[in-house]
Amino acid sequence: MTTRPTHWPRPCETIAIVGVAAEIGADKASGKETAQTLAKDVLPLWDSALESLKALPPLEGQLQAPQKKLLQYATLKGEGWHLLEKALREDDPKAFKSAKDKIEEANRLNHR
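Remember, predicted model here, so these are calculated numbers, not experimental data.

Asks: It is not clear to me how the environment of Pro44 should be interpreted in this structure. Could you clarify?
Replies: Among the secondary structure elements, Pro44 is positioned in helix H2 (residues 31-55). Non-local contacts of Pro44, meaning those with residues more than four positions away in its chain, are made with Leu38 and Ala39.

Here is the structure:
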């Protein structure tokens, strides 16, 4: 029997991620302020959850493909979040495009 990793995002952590997205969409914070929020409140949570996923033993049979897809999705999303933080912190248009591309790639993977 597989045991559950010790850290999964709790509802309050998910709310922090949604809150950052709302700040970005509503222009309620500067780019640097939003980057600080991402770096402090979102990225550590995402990275921790991703490490927990990576630590799970491989599943067998029909569950292998969904597990692999979930890990790819989480990795791409995390890369997108990190690029978004960099783009906001440095006001870097190339990083914004890279972040958008990574997040869209993850979303496409999730909808297959």
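Resuming the write-up.
Asks: It is not clear to me how the packing of H2 against helix H3 (residues 64-90) should be interpreted in this structure. Could you clarify?
Replies: Pairs of packed helices are described in terms of their axes, by the angle between the two and the distance that separates them. Where H2 meets H3, the closest approach of the two axes is 9 Å, and the angle between their N-to-C directions is 160°. Comparing their axes, H3 and H2 come out roughly antiparallel. H2 and H3 meet at a crossing whose hand is left-handed. Of the residues in the contact of H2 with H3, the class split is 14 nonpolar, five polar and six charged.

Asks: Can you walk me through the packing of H3 against helix H4 (residues 93-110) in this structure?
Replies: In the contact formed by H3 and H4, the axes pass within 8 Å of each other and the chain directions differ by 160°. In this view, H3 runs roughly antiparallel relative to H4, as classed from their interaxial angle. In this structure, the crossing between H3 and H4 has a hand that is left-handed. Along the contact surface, H3 presents Lys69, Gln72, Tyr73, Leu76, Lys77, Glu79, Gly80, Leu83, Leu84, Lys86, Ala87 and Leu88, while H4 presents Ala95, Phe96, Ser98, Ala99, Lys102, Ile103, Glu105, Ala106, Asn107, Leu109 and Asn110. Split by residue class, the contact of H3 with H4 holds 12 nonpolar, five polar and six charged.

Reading the values: rules and limits
- Residue positions are given per chain, counting from 1 as you read along its sequence in written order.
- Per-residue local features of the predicted model are confined to residues with pLDDT of at least 70, and side-chain atom pairs are confined, for both listing and counting, to 80 or more; whole-chain, interface and lining totals are unaffected and use all residues.
- Hydrogens and water are ignored here; the side-chain numbers use all heavy atoms of the structure.
- Comment: elements are numbered from the N terminus, with helices defined as DSSP H or I runs of at least four residues and strands as E runs of at least two.
- We call two residues in contact when some of their heavy atoms are within 4.5 Å.
- Convention adopted: a line fitted to C-alpha atoms gives each axis, helices being fitted over their contacting stretch, and angles between N-to-C directions are expressed from 0 to 180 degrees.
- Just so you know how the angles are binned, under 35 degrees is roughly parallel, over 145 roughly antiparallel, 65 to 115 roughly perpendicular, and the rest oblique.
- A clockwise turn of the near helix away from the far one marks a right-handed crossing, whereas an anticlockwise turn of less than a right angle marks a left-handed crossing.
- Throughout, the ten residues Ala, Val, Leu, Ile, Met, Phe, Trp, Tyr, Cys and Pro are labelled nonpolar, Asp, Glu, Lys and Arg are labelled charged, and all others, Gly among them, are labelled polar.

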